[in-house]
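Residue-level structural notes
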Amino acid sequence: MSSESNPDFRSVSAPAFGVYVHIPYCLQICTYCDFVKFEVGDLPPMGRYVDLLREEIRSRAESLNPTPLSSLYLGGGTPSLMRPEDMVAVRDELARAGFPLSANAEVTLEVNPGTLGPVDDADSPQSRVQAWLDCGVTRFSVGAQTFNAELLKVTGRKHSVADTHRDLELLSRMGLNFNFDLLFALPGQSLRELEEDLRQALAYGPRHLSAYCLTVPEKHPLNRGRAGDEEQADMFEMIEERLQSAGIFRYELSNFAVPGFESRHNLLYWSDQPYWGLGMGAHSYRPRTAGQDDFWGLRFWNPATLKAYEHELREARGASFWQSMSADRVEALKPHEALTDYLHTHLRVQRGLDIERVAEKFGRAAAQDAIRRLAPCVEGGLLRTRTNSQGVSFGVNYHFTPRGHALANRVLERLTYLQDEWPSLS
Ligand code: SF4
């Protein structure tokens, strides 16, 4: 990355700034997973990895604009394999570097069933949960996936259905805010089986539910016997109906929440806000500052292997943030890429895509072109429009219909711009 570009965060004044911490330790490797992850025994002890995270904070924080965090998200991998004191060490290092948690910060811990504490000690999981709460966790995200023991086995998960019930029962009994991760369209899964998963999940009173349609390459063994596109669309519609009648509403393509319990951290990803990713393979984003940047937003990410991550941190000692980043892991967005990202992410959220904002950020020609591309989706019943502001030329907002949510890829494909399509839009 050339130093002239000076693409740091310091010029960005954003209403929200979040940190993501990647914990790549897993008890098993699930057959469908494409995250950066390793089996526990293939990585050094967690304490050593936490030291590296702290080193990353110390060496790079200076290039960023110290600001209280609106969110801290511990994802993985399996962050619940950490000790609460490991999380405190990361949190305190961030605070020392100028990134304390703001007074009402959202702090999420991803949990795999069965990792909250030893199962043979009835008191232990509760005290472990309390320890997480004491270090500031406000929200748990449980990677339950399904209550069907056979399907769980097919995905390669090590936890049992009994583990899931035990952990959900505990979080529910303690009155805590938790997300339930639901995986659907599993091999051979019927609509009725999915309905049963939802029924059981709702019995624990989650305030948030993420519903992910299994995505694997065409020739992957998990693709055998799966629901086709139309059946998947029916599944998605059924999920929305059931959740809605339980007071849990869709606010993003795959995410549903009791109003007020939307994931503030994940909303950063869909609203062009900056975030800093720490740890192996973690991604960061910094939006464009109009008038100052010659690029349209910046993405950069860490190496995905321990060896390369450690090497980069060693190199970072005494160097600036950008000198220490390898150029092949920094992407200065071109206008057609930024436009594509903006349209995709804003359409994903329930409040929809505001065309007036598109015109402000990318120009009138880009806004007009987006309207032209979206027209067949409106006619085809995949999108609805709403007038935002009378008298404003682009005062229209697009959002998905229930059918459109289920077939969103068809819409998003139409909004994917190629490089040679940009000049006519500028
Ligand atoms: S536990 Fe999660 S991160 Fe680990 S392999 Fe399974 S799906 Fe991937």
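From a predicted model like this one, the values you see are computed outputs, not experimental measurements.

1. Points about the overall build of the protein chain
Helix and strand counts for the protein chain come out as 15 helices and 17 strands. The C-alpha atoms of the protein chain give 22 Å as radius of gyration, which agrees with the globular expectation for 426 residues (22 Å, within 12%). Over its C-alpha atoms, taken along the principal directions, the protein chain stretches across nearly 65 × 60 × 45 Å. Evaluated residue by residue, the protein chain yields a buried proportion of 38% over its 426 residues. Across the protein chain, the fraction of contacts at a sequence separation of at least 24, relative to all contacts at a separation of at least 6, is 75%.

2. Observations concerning the site of the ligand
Around the ligand, the neighbouring residues are Cys26, Ile29, Cys30, Cys33, Phe35, Lys37, Gly76, Gly77, Thr78, Asn112 and Gly143. Split into classes, the residues belonging to the shell around the ligand amount to 5 nonpolar, 5 polar and 1 charged.

3. Description of the sheet that holds strand β17 (residues 396–400)
Taken together, the 3 strands give an open sheet; going across it, the order is β15-β17-β16, and neighbouring strands pair in antiparallel fashion. Across the chains shown, the open sheet's two edge strands, defined by having one partner strand only, are β15 (353–354) and β16 (383–387). Judged from the 5 bridges that link them, β16 and β17 form a sheet pairing that is antiparallel. Pairing of Leu383 across the sheet is with Phe400, part of β17.

4. Re unusual backbone geometry
With omega at 15°, the peptide bond leading from Gly76 into Gly77 counts as cis. Looking at the element boundaries, Gly77 is found in the loop between β4 (69–76) and α2 (84–96). A positive phi angle, near 75°, is found at Gln145, a position not held by glycine. Looking at the element boundaries, Gln145 is found in strand β6 (residues 139–145). Gln145 gets classed as buried once you count the C-beta atoms within 10 Å, which come to 25. Even without being a glycine, Ala185 presents a positive backbone phi close to 60°. Summarising the element assignment, Ala185 is placed in the loop between β7 (178–184) and α6 (191–202). With 18 C-beta atoms counted inside 10 Å, the residue Ala185 sits in the partly exposed group.

5. Considerations on helix α1 (residues 46–60)
Along its 15 residues, α1 runs 21 Å from first to last C-alpha, staying within 8% of the 21 Å computed at 1.5 Å per residue. Residues Tyr49, Val50, Leu53, Glu56, Ile57, Ser59 and Arg60 constitute the buried set of α1.

6. Section: the packing of α6 against helix α7 (residues 229–245)
With their axes 11 Å apart at the nearest point, α6 and α7 run at an angle of 30° to one another. The angle between α6 and α7 places the two elements in the roughly parallel class. The hand of the α6/α7 crossing is right-handed. Every residue of α7 that contacts α6 at Leu191, Leu194, Glu195 and Leu198 is listed here: Asp234, Met235, Met238, Ile239 and Arg242. Broken down by class, the residue content of the contact of α6 with α7 amounts to 6 nonpolar, no polar and 3 charged.

7. What to know about helix α13 (residues 364–379)
Taking 1.5 Å as the rise per residue, α13 with 16 residues should run 22 Å; its terminal C-alpha atoms sit 23 Å apart, in good agreement. Largest kink in α13: about 30°, centred on Arg373, with the proline Pro376 one to four residues after it. Taken as a whole, α13 has its buried residues at Ala366, Ala367, Ala370, Leu374 and Cys377. In the segment just after α13, Gly381 is the residue with positive phi, at about 80°.

8. Quick notes on the domain arrangement of the protein chain
Annotation of the protein chain at the domain level lists domain 1 (3–267) and domain 2 (335–425). The distance between the C-alpha centroids of domain 1 and domain 2 comes to 29 Å. At the interface, 9 residues of domain 1 touch 9 residues of domain 2. Sort the elements by how many residues they give to the side of domain 1 that touches domain 2 and α7 lands first, with 5 residues. For the side of domain 1 that touches domain 2, the residue count by class is 4 nonpolar, 1 polar and 4 charged.

9. Examining the confidence of the model for the protein chain
Across the protein chain, the average pLDDT comes to 90, with 93% of residues at 70 or higher. Throughout residues 1–13 the model reports pLDDT below 50, and contacts reaching past four residues in sequence, or to other chains, amount to 29 contacts.

Conventions adopted
- Residues numbered from 1 in each chain as written.
- Predicted model: local features only at pLDDT ≥ 70, side-chain atom pairs only at ≥ 80, totals over all residues.
- Helix = DSSP H or I, 4+ residues; strand = E, 2+ residues; numbered from the N terminus.
- Rg over C-alpha atoms; globule rule 2.2 N^0.38 Å.
- Buried ≥ 20, exposed ≤ 12 C-beta atoms within 10 Å, placed from the backbone.
- Contact = placed C-beta atoms within 7 Å.
- Near = placed C-beta within 6 Å.
- Nonpolar A, V, L, I, M, F, W, Y, C, P; charged D, E, K, R; others polar.
- Pairing = 2+ DSSP bridges.
- Expected span 1.5 Å × (residues − 1).
- Axes fitted to C-alpha atoms, helices over the stretch in contact; angles between N-to-C directions.
- Parallel < 35°, antiparallel > 145°, perpendicular 65-115°, else oblique.
- Left-handed = near helix turned anticlockwise from the far one by under 90°.
- Bend = angle between axes of the 7 residues up to and from the residue.
- Domains from an automatic or database assignment.
- pLDDT = per-residue confidence, 0-100.

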